[in-house]
Protein chains: 2
Amino acid sequence: MNLSQMSKAELEAFKNEAQAKLDEYKAMGLSLNMARGKPSAEQLDLTQGLLTTVVSSKDCIADDGTDCRNYGGVDGLAQAKDLFAPMLNVERDQLILGGSSSLNMMYDTIAKFMLFGVSKDSTPWKDQGRLKWLCPCPGYDRHFLVTETFGFEMINIPMKNDGPDMDMIEKLVSEDESIKGVWCVPMYGNPTGITFSDQVVKRFAAMKTKADDFRIFWDNAYCIHHLSDTPDKLLDLLEECKKAGNPNRAIEFASTSKVTFAGAGVAMMASSKENAEYIRSHMTVQTIGPDKINQLRHVKFFGSFEGIKEHMKKHQAMLAPKFAAVLGGLEKEIAPLGIGSWTKPNGGYFISFDSLDGCAKRIVELCKQTGVVLTGAGATFPYKKDPRDRNIRIAPSYPPVEELKLAVEVFTTAVKLASAEKLLNNI
Amino acid sequence: MNLSQMSKAELEAFKNEAQAKLDEYKAMGLSLNMARGKPSAEQLDLTQGLLTTVVSSKDCIADDGTDCRNYGGVDGLAQAKDLFAPMLNVERDQLILGGSSSLNMMYDTIAKFMLFGVSKDSTPWKDQGRLKWLCPCPGYDRHFLVTETFGFEMINIPMKNDGPDMDMIEKLVSEDESIKGVWCVPMYGNPTGITFSDQVVKRFAAMKTKADDFRIFWDNAYCIHHLSDTPDKLLDLLEECKKAGNPNRAIEFASTSKVTFAGAGVAMMASSKENAEYIRSHMTVQTIGPDKINQLRHVKFFGSFEGIKEHMKKHQAMLAPKFAAVLGGLEKEIAPLGIGSWTKPNGGYFISFDSLDGCAKRIVELCKQTGVVLTGAGATFPYKKDPRDRNIRIAPSYPPVEELKLAVEVFTTAVKLASAEKLLNNI
């Protein structure tokens, strides 16, 4: 029965039942976590062999003669670029390999644009007064924290089923020169799990922007992280930008954090050759270069991009049952009650749950009291402010399935209690 | 016989002889390199065992339970901090571990100070108009390139035998609020090889600065890189700053680039707890953290700081003969002629050679024509401008001793030729 159709007495009874059940869970002294998009230990074990691919002195020499132990190669090992270039559908000289953190590359790119401008001849963003940034949301909290720290005024852009509200974006960027960029996780987005439609990608590539130094930060973190055998397909933004006559508009980011090791993978970025050359010219000042031995490990472990894709099926096999456990629990416990909606991602690391308005904080709090940690309510919005207080990011990857099932039971019970409370308040 | 005492005819003969000898070397089709402070392949082999210290899943778990393969630890692995803290004589929470490049940490620190100021309450450097930076020189070209790129006006500070000209520095920083920092390689400096005296360190710590956001960038790159069994000793600047009531003045940098792998080591920085906390707060926005597996490799390979010190003796054994080969060649061929002076370092990676004024570019050019690559003349000065065109940085570490001896023969012959040309021009 839909909760909104219950009488006050029915709601009271429903609430008391949920409360009693939560109290039972509480008594169990649980300590469960669905907060972080971390790979599980079993997933990390999948690439344990990476660590023995480069051992001897001879192992350390790349195909082109580079001794990976020594200095050189500010933007990464050529052989590793050849491994990863097909993943982002780019040529070698469009690609820059970094250390282990793609967030670091995004932050550094914005820092460079702030200090030196987006190209040799452009005005540094720091010298252009108060600037703005578009934030499709719910989105990735670490993105928003970066642009908040750099002082951008962040503008919420609602997410639809096929990507951000492009009517709104097109209007804003065509009118306001102070809007300098937009965050996107275009495939299996964090946290919604949706993939941008071809139409959305084309509109991003072709739209008129008042600022000629507007840049799309295209965080393609989950580009090969499928959860089914019929994966989503994402149009190539860099290619579309080129076609549309805006070749320098987009910068794409990715990493192997959720392919090999979250703490010791390889981060990368790609853009037009012109943009890559410009970024590289600044990296030459910034660093002596990334860890080439680790890049060579990736080359030797996978052999080719085909090898990476094969490997991702093992991750899929581990993750799919976890997503199914969460989705099954939501379907069974919440769907009949009409007190929430959620995404059913075909890939990525998250499920996005929307409760009744004004319930998210309460649900997270109730879960916490019961020993289940969730991402903080509001975290998926700029300034951590969810205007409707309804979005909760669920991260199923880290806990074992049995723990996850228990955590989902707690979660759905908390949703029931908070929803009943809310509806009773509104009566 | 001192070249300056030769008659014109004697000089002509001397010059022709040097030219003939250079022509002979030229005919040999040499390809030698004394340009880069790179460890040799043999040095890199010393730490080959590092790569097998962390292999199994169990190996990846640090003492505190951290799975180094997964996310977490924005400023490095605690266990690795404990390994390196004694190297910089600091406590764990004063230390921040990074990726493989300490230059990257220096650049990022200046970028943060530009964008956000040196502390929570200070004005960002970018908002303080045109700024200046002190550059003791000859110095490290990559340092100067960083401050040039950030737009600082760089001021040359002459180097003395015990450090930079402190009278000049004290006067400048006491009068000019736009001077925000100074580069130092205080131990076995690049390229002079000298170590700052206690007095110089104390004066750096205690001097009055007009700018309260003045910062010393203390690049202690060669702190354990001794070439003899009676190493230099450097006073602890962080400690002296604290004693002098300027606890936040200095930031120290180091790395294992020339301890383990130049391309895959561990970089680090240390400062007051307050500074470290501030830097850490920005790193939390910037990155998901450095490669902890590589940090754990260092811990397991060395065991303790004592282990690192023992290991450095092996580097010493390989490098000392190379330095001796260069110094022996200079002593034999150049000393009697009075056409050059040079440092005799007790550690580090470089020998600094001063020719007669106005000869450095010519010497480097002559060597290049003869197949011996040297660091570009002028590179050791801001804007690559050596006001006296006399300083050349010699890097003996990379070539095998036999090649090095040949390269030094070419070099000393080029010095002879260029000097004779110069003196003849002056007649």
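Residues numbered from 1 in each chain as written. Chains lettered and ligands numbered in written order. Predicted model: local features only at pLDDT ≥ 70, side-chain atom pairs only at ≥ 80, totals over all residues. Heavy atoms only, no water.

## What about the overall build of chain A?
Rules: Secondary structure elements are taken from DSSP: a helix is a run of H or I of four residues or more, a strand is a run of E of two residues or more, and numbering for both begins at the N terminus. What the globule rule says is 2.2 Å times the number of residues to the power 0.38, and the radius of gyration is computed from C-alpha atoms. Working rule for contacts: check all heavy atoms of both residues, and any pair within 4.5 Å makes them a contact.
When you go through chain A residue by residue, the secondary structure sums to 13 helices and 13 strands. The C-alpha atoms of chain A give a radius of gyration of 23 Å, which matches the 22 Å a tight globule of 427 residues would have. Dimensions of chain A, computed from C-alpha atoms along their principal axes, come out at roughly 75 × 55 × 35 Å. Long-range contacts, defined as pairs at least 24 residues apart, comprise 76% of the intrachain contacts of chain A with a sequence gap of at least 6.

## Overview of helix α12 (residues 360-369) of chain A
All names here are of chain A. Selection criterion: Think of it in three bands: with a 1.4 Å probe and only protein chains considered, a residue is buried below 20% of the maximum accessible area for its type, exposed above 50%, and partly exposed in between. Think of it as the arc spanned by the lines of direction from the helix axis to the C-beta atoms.
What α12 keeps buried is the set Ala360, Ile363, Val364, Leu366 and Cys367. Along the axis of α12, the buried residues cluster in a sector spanning 160°; they form a single face. Every exposed residue of α12 that faces more than 90 degrees away from the buried side is listed here: Lys361 and Lys368. Check the buried side of α12 and you find it contacts α1 (8-27), β11 (351-355), β12 (372-373), β13 (391-394) and α13 (401-426). Backbone geometry just downstream of α12 places Gly371 in the positive-phi region, at approximately 90°.

## So, the relation of the copies chain A and chain B
The condition that has to hold: Fitting of the copies onto one another was done by least squares over C-alpha atoms, counting residues only where both copies have pLDDT of at least 70.
With an RMSD of 0.0 Å, the fit of chain A onto chain B corresponds to turning through 180° and sliding 0.0 Å along the axis. As the rotation angle and translation indicate, the two copies are arranged about a two-fold axis. Here 100% of the contact residues of chain A are again contact residues in chain B; the copies associate through an equivalent surface.

## Things to note about the interface of chain A and chain B
Short version of the rule: Buried surface area refers to the total accessible area, computed with a probe of radius 1.4 Å, that the two partners give up upon joining, counted for both partners together. Within this document, salt bridges are pairs made up of a side-chain nitrogen of Lys or Arg and a carboxyl oxygen of Asp or Glu, the two lying within 4 Å of each other. Under the rule applied, a polar contact is a pair of N or O atoms within 3.5 Å (in protein, one hydrogen donor and one hydrogen acceptor; residues adjacent in sequence only if both atoms are side-chain atoms).
If you look at the interface, chain A gives 57 residues, while chain B gives 57 residues. Between chain A and chain B the total buried area reaches about 4600 Å² when both faces are included, carbon and sulfur atoms providing 57% of it. The largest contributions to the chain A side of the interface with chain B come from Arg69, Tyr71 and Val285 of chain A, which together make up 16% of the buried area. At the surface where chain A touches chain B, the tally comes to two salt bridges. The partner of Arg69 of chain B in a salt bridge is Asp45 of chain A, and the shortest N-O contact between them spans 2.6 Å. Remark: the boundary between chain A and chain B carries 36 residue pairs in polar contact (both at pLDDT 80 or more).

## Some details on the sheet that holds strand β11 (residues 351-355) of chain B
Residues and elements named next belong to chain B. Rules: Should DSSP find at least two bridges between two strands, the strands are taken to pair. Between the N-to-C directions of two axes lies an angle of 0 to 180 degrees, each axis being a line fitted to C-alpha atoms and, for a helix, fitted only over the stretch in contact.
One open sheet accounts for three strands, arranged β10-β11-β13; its pairing is antiparallel. Of all strands in the sheet, those with a lone pairing partner are β10 (340-342) and β13 (391-394), marking the two edges. Each strand of the sheet is rotated relative to its neighbour by a mean of 25°, with strand direction disregarded. Pairing of β10 with β11, which is carried by three bridges, proceeds in the antiparallel orientation. Residue pairing for β11: Trp342 is matched across the bridge by Phe353. Relative to the sheet, helix α12 (residues 360-369) contacts β11 and β13, its axis offset from that of β13 by approximately 40°.

## Focus on the pattern of salt bridges
Residues and elements named next belong to chain A. On inspection of all chains with the given rule, the structure shows 46 salt bridges over all chains. Across the pair Glu306 and Lys309 runs a salt bridge, and its minimum N-O distance is 3.2 Å. Within this pair, Glu306 and its partner Lys309 are both found in helix α11 (residues 305-333), separated by three residues, close to a single helical turn. Linked by salt bridges that have partners in common, Asp75, Lys81, Glu277 and Arg280 make up one network.

## Topic: the packing of helix α1 (residues 8-27) of chain B against helix α13 (residues 401-426) of chain B
Residue and element names in this part refer to chain B. This is how it is decided: Helix crossings fall into two classes, left-handed where the near helix is turned counterclockwise from the far one by less than a right angle and right-handed where it is turned clockwise. Note that Gly is not counted as nonpolar here; it falls among the polar residues with everything else outside the nonpolar set of Ala, Val, Leu, Ile, Met, Phe, Trp, Tyr, Cys and Pro and the charged set of Asp, Glu, Lys and Arg.
Relative to each other, α1 and α13 sit at 150°, their axes nearing to 9 Å. Handedness of the α1/α13 crossing: left-handed. Contacts between α1 and α13 involve Lys8, Leu11, Glu12, Phe14, Lys15, Ala18, Gln19, Lys21, Leu22 and Tyr25 on the former and, on the latter, Leu406, Glu409, Val410, Thr413, Ala414, Lys416, Leu417, Ala420, Glu421, Leu423 and Leu424. In terms of residue class, the contact of α1 with α13 is built from twelve nonpolar, two polar and seven charged.

## A look at unusual backbone geometry
Residues and elements named next belong to chain A. Here the amide bond leading from Cys137 into Pro138 is cis, since omega sits at 10°, within 30 degrees of zero. Among the secondary structure elements, Pro138 is positioned in the loop between β3 (132-137) and α5 (141-149). Phi is positive for Tyr383, which is not a glycine, with a value near 60°. Summarising the element assignment, Tyr383 is placed in the loop between β12 and β13. Judged by its relative accessible area of 34%, Tyr383 falls in the partly exposed class. For Lys384, which is not glycine, the phi dihedral falls at a positive 60°.

## Things to note about the pairing of strand β6 (residues 179-184) of chain B
Note on strand geometry: in a regular strand, side chains alternate between the two faces of the sheet. Where we set the bar: If the strands point away from the viewer and the path from the first strand over the helix to the second runs clockwise, then the crossover is right-handed.
Most of β6 of chain B is tucked away: six of the six residues are buried. For the crossover that starts at β6 of chain B, traverses helix α7 (residues 198-206) of chain B and ends in the parallel strand β7 (residues 215-219) of chain B, the hand is right-handed.

## Some thoughts on the nonpolar core
Using the following cut-off: Here the nonpolar core consists of buried residues drawn from Ala, Val, Leu, Ile, Met, Phe, Trp, Tyr and Cys, with membership extended through side-chain atoms lying within 4.5 Å.
The biggest cluster of nonpolar side chains holds 76 residues, and the ones touching the most others in it are Ile110 and Phe150 of chain A together with Ile110 and Phe150 of chain B. Discounting residues that sit within four places of it in the chain, Phe150 of chain A has contacts with Tyr107, Ile110, Ala111 and Met114 of chain A together with Leu115 and Phe116 of chain B.

## Describing the packing of helix α4 (residues 102-116) of chain A against helix α4 (residues 102-116) of chain B
Put simply, the test is: Angles are sorted into four bins: roughly parallel if under 35 degrees, roughly antiparallel if over 145, roughly perpendicular if 65 to 115, and oblique for all others.
Their axes nearest at 11 Å, the elements α4 of chain A and α4 of chain B cross at an angle of 55°. By the angle between their directions, the pair α4 of chain A and α4 of chain B is classed as oblique. Relative to α4 of chain B, the crossing made by α4 of chain A is left-handed. Contact residues: Tyr107, Asp108, Ala111, Lys112, Met114, Leu115 and Phe116 of chain A in α4 of chain A; Tyr107, Asp108, Ala111, Lys112, Met114, Leu115 and Phe116 of chain B in α4 of chain B. Looking at side-chain class alone, the contact of α4 of chain A with α4 of chain B contains ten nonpolar, no polar and four charged residues.

Coordinates in, geometry out; function isn't part of it.
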